[in-house]
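Structural features, examined
Single-letter residue listing:
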Amino acid sequence: AQSVTQPDIHITVSEGASLELRCNYSYGATPYLFWYVQSPGQGLQLLLKYFSGDTLVQGIKGFEAEFKRSQSSFNLRKPSVHWSDAAEYFCAVAPFGNEKLTFGTGTRLTIIP
Amino acid sequence: EAGVAQSPRYKIIEKRQSVAFWCNPISGHATLYWYQQILGQGPKLLIQFQNNGVVDDSQLPKDRFSAERLKGVDSTLKIQPAKLEDSAVYLCASSVRDRGPFNEKLFFGSGTQLSVL
């Protein structure tokens with residue numbers, strides 16, 4: 001069965017600083033990988049997804065993620081965070097050819113001035 | 001483009017009572033999902049519909065949960081009777097995917113927050 005681990009429950013970053021959120025997955029084959037963001041009272045919004053090809057994926061709001069097969073990782077990055085990036089971030093995996101998502105437990109991002 | 005609509009936004013009930021949630025997906029979206037998100041956890045898939053048929057309900061606690069999607073559009077999720085551990089946000093999501101490889105993203109509603117006292 002597939003699973004996703006987000007080792008950081010809560011991260012605090014200064015506005016303008018760089019960000020990296022960690023995600024490790026467990027799956028027997030090449031999975032589909034996703035990052036979603038959830039703001040308070042809002043639904044989940046897709047930031048980016050990886051299916052195949054270039055292992056560095058660009059998403060919305062200036063986010064990017066890199067798929068590293070050897071490390072079973074799909075870490076999310078942003079070079080300079082904005083106060084509006086404060087939210088909960090979820091990494092998710094789906095089997096190849098399937099869109100049934102398995103989510104990690106999430107990382108709450110706090111931005112300080 | 002209208003998003004995925006869910007109601008009610010909040011619901012407070014006592015244990016052993018019944019509750020129902022409603023979801024109206026984006027027009028034309030064939031696939032509909034219900035997820036349960038317990039506080040501090042990621043969303044967990046409960047059930048997947050393709051048009052008006054159930055594709056996967058393996059994680060739905062069928063002794064108390066039921067869901068339907070009449071006419072392949074709106075969907076309702078029901079809990080009867082509710083337990084304390086059912087307190088969660090119930091998210092509905094839809095996608096246009098009808099067949100073929102997954103190349104469309106899911107659109108999520110804002111969810112229904114259920115508190116069971």
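Described in the following lines is the structure provided in the data block. (Residues numbered from 1 in each chain as written. Chains lettered and ligands numbered in written order. Predicted model: local features only at pLDDT ≥ 70, side-chain atom pairs only at ≥ 80, totals over all residues. Heavy atoms only, no water.)

Structural notes on the overall build of chain B
To keep it simple, the criterion reads: Here a helix means four or more residues in a row that DSSP labels H or I, a strand means two or more in a row labelled E, and each is numbered from the N terminus. Note that the radius of gyration is over C-alpha atoms, with the globule rule given as 2.2 Å times the number of residues to the power 0.38. Exposure classes here rest on a 1.4 Å probe applied to the protein chains alone. A residue is buried below 20% of its type maximum, exposed above 50%, and partly exposed in between. Throughout, a residue-residue contact means that at least one pair of heavy atoms, one from each residue, lies within 4.5 Å. For accessible areas, the Shrake-Rupley method is used with a probe of radius 1.4 Å. Any residue's cover is judged against the shown protein chains and nothing else. Charge assignment: positive for Lys and Arg, negative for Asp and Glu; neither His nor the chain ends contribute. Charged groups are reduced to one reference atom each: NZ for lysine, CZ for arginine, CG for aspartic acid, CD for glutamic acid.
Check the secondary structure of chain B and you find zero helices and eleven strands. Rg of the C-alpha trace for chain B: 14 Å, near the compact-globule value of 13 Å for 117 residues, within the 12% margin. Its C-alpha atoms give chain B principal-axis dimensions of about 40 × 25 × 25 Å. Burial status across chain B gives 44% buried among its 117 residues. A separation of at least 24 residues holds for 55% of the contacts in chain B among residues at least 6 apart in sequence. Split by element, the accessible area of chain B, about 5,900 Å² in all, is 50% carbon and sulfur. Averaging the locations of the 14 positively and 11 negatively charged side chains of chain B gives two centres separated by 3 Å.

A few points about the side chain of Thr-112 of chain B
Residues and elements named next belong to chain B. Heads up, the rule is: In protein, a polar contact requires one atom able to donate a hydrogen and another able to accept it; more generally it is a pair of N or O atoms within 3.5 Å, and residues adjacent in sequence count only if both atoms are side-chain atoms.
Here Thr-112 lies in strand E11 (residues 112–116). Among the residues examined, Thr-112 registers a relative accessible area of 0% and is labelled buried. In this structure the side chain of Thr-112 is engaged in a polar contact, spanning 2.5 Å, whose partner is the backbone oxygen of Pro-8. When neighbours within four sequence positions are excluded, Thr-112 is seen to be in contact with Gln-6, Ser-7, Pro-8, Arg-9, Phe-21, Ala-88, Val-89 and Tyr-90.

Some thoughts on the state of the cysteines
Keep this limit in mind: Disulfide: a pair of cysteine sulfur atoms within 2.5 Å of each other.
What the rule picks out here adds up to two disulfides over all chains. For Cys-23 of chain A, the disulfide goes to Cys-91 of chain A, at an S-S distance of 2.0 Å. Residues Cys-23 of chain A and Cys-91 of chain A are joined through a disulfide that is left-handed, its torsion about the S-S bond being -65°. Taken together, the positions of Cys-23 of chain A in the loop between strand E3 (19–21) and strand E4 (24–26) and Cys-91 of chain A in strand E10 (residues 87–94) put the pair 68 residues apart, joining distant regions of the chain. Just as Cys-23 of chain A is buried, Cys-91 of chain A falls in that class too. A sulfur-sulfur separation of 1.9 Å characterises the disulfide bridge that pairs Cys-23 of chain B with Cys-92 of chain B. Residues Cys-23 of chain B and Cys-92 of chain B are joined through a disulfide that is left-handed, its torsion about the S-S bond being -70°. Separated by 69 residues along the polypeptide, Cys-23 of chain B in strand E3 (residues 19–24) and Cys-92 of chain B in strand E9 (residues 88–95) bring together distant segments of the chain. We note that Cys-23 of chain B, like Cys-92 of chain B, is buried.

Details of the interface of chain A and chain B
The following threshold applies: Summed over both partners, the accessible surface that disappears when two parts come together, traced with a 1.4 Å probe, is what is meant by buried area. Salt bridges are defined by distance alone: a side-chain nitrogen of Lys or Arg within 4 Å of a carboxyl oxygen of Asp or Glu. Each residue gets one label: Ala, Val, Leu, Ile, Met, Phe, Trp, Tyr, Cys and Pro are nonpolar, Asp, Glu, Lys and Arg are charged, and the others, such as Gly, are polar.
Facing the 20 residues of chain A at the interface are 23 residues of chain B. Counting each side, the surface lost to burial between chain A and chain B is near 1,700 Å², with a carbon and sulfur contribution of 54%. At the boundary of chain A with chain B, the tally comes to one salt bridge. Across the pair Asp-56 of chain B and Lys-100 of chain A runs a salt bridge whose closest N-O atoms are separated by 2.8 Å. Within the residue set of the side of chain A that touches chain B, elements represented by two or more residues are strand E5 (32–38) and strand E6 (44–50) of chain A. The dominant element in the side of chain A that touches chain B, judged by the number of residues it contributes, is E5 of chain A, at four residues. Classifying every residue of the side of chain A that touches chain B by side-chain character gives nine nonpolar, eight polar and three charged.

Observations regarding the side chain of Gln-48 of chain B
All names here are of chain B. Tracing the sequence through the fold places Gln-48 in strand E5 (residues 44–50). A relative accessible area of 5% places Gln-48 in the buried class. Within the local environment of Gln-48, its side chain forms a polar contact with the side chain of Tyr-33, the two groups lying 3.3 Å apart.

Re the sheet that holds strand E1 (residues 5–7) of chain B
All names here are of chain B. Defined as follows: Strands pair, by our definition, only if DSSP identifies at least two bridges between them. A fitted line through C-alpha atoms serves as each axis, taken over the contacting stretch for helices, and the angle formed by two N-to-C directions is quoted from 0 to 180°.
One open sheet accounts for four strands, arranged E1-E3-E8-E7; its pairing is antiparallel. Strands with a single pairing partner mark the edges of an open sheet, and in this sheet they are E1 and strand E7 (65–68). Within this sheet the neighbouring strands show an average axis-to-axis angle of 15°, counted without direction. Across three bridges, the pairing between E1 and E3 is antiparallel. Looking across to E3, one finds that Ser-7 is bridged to Trp-22.

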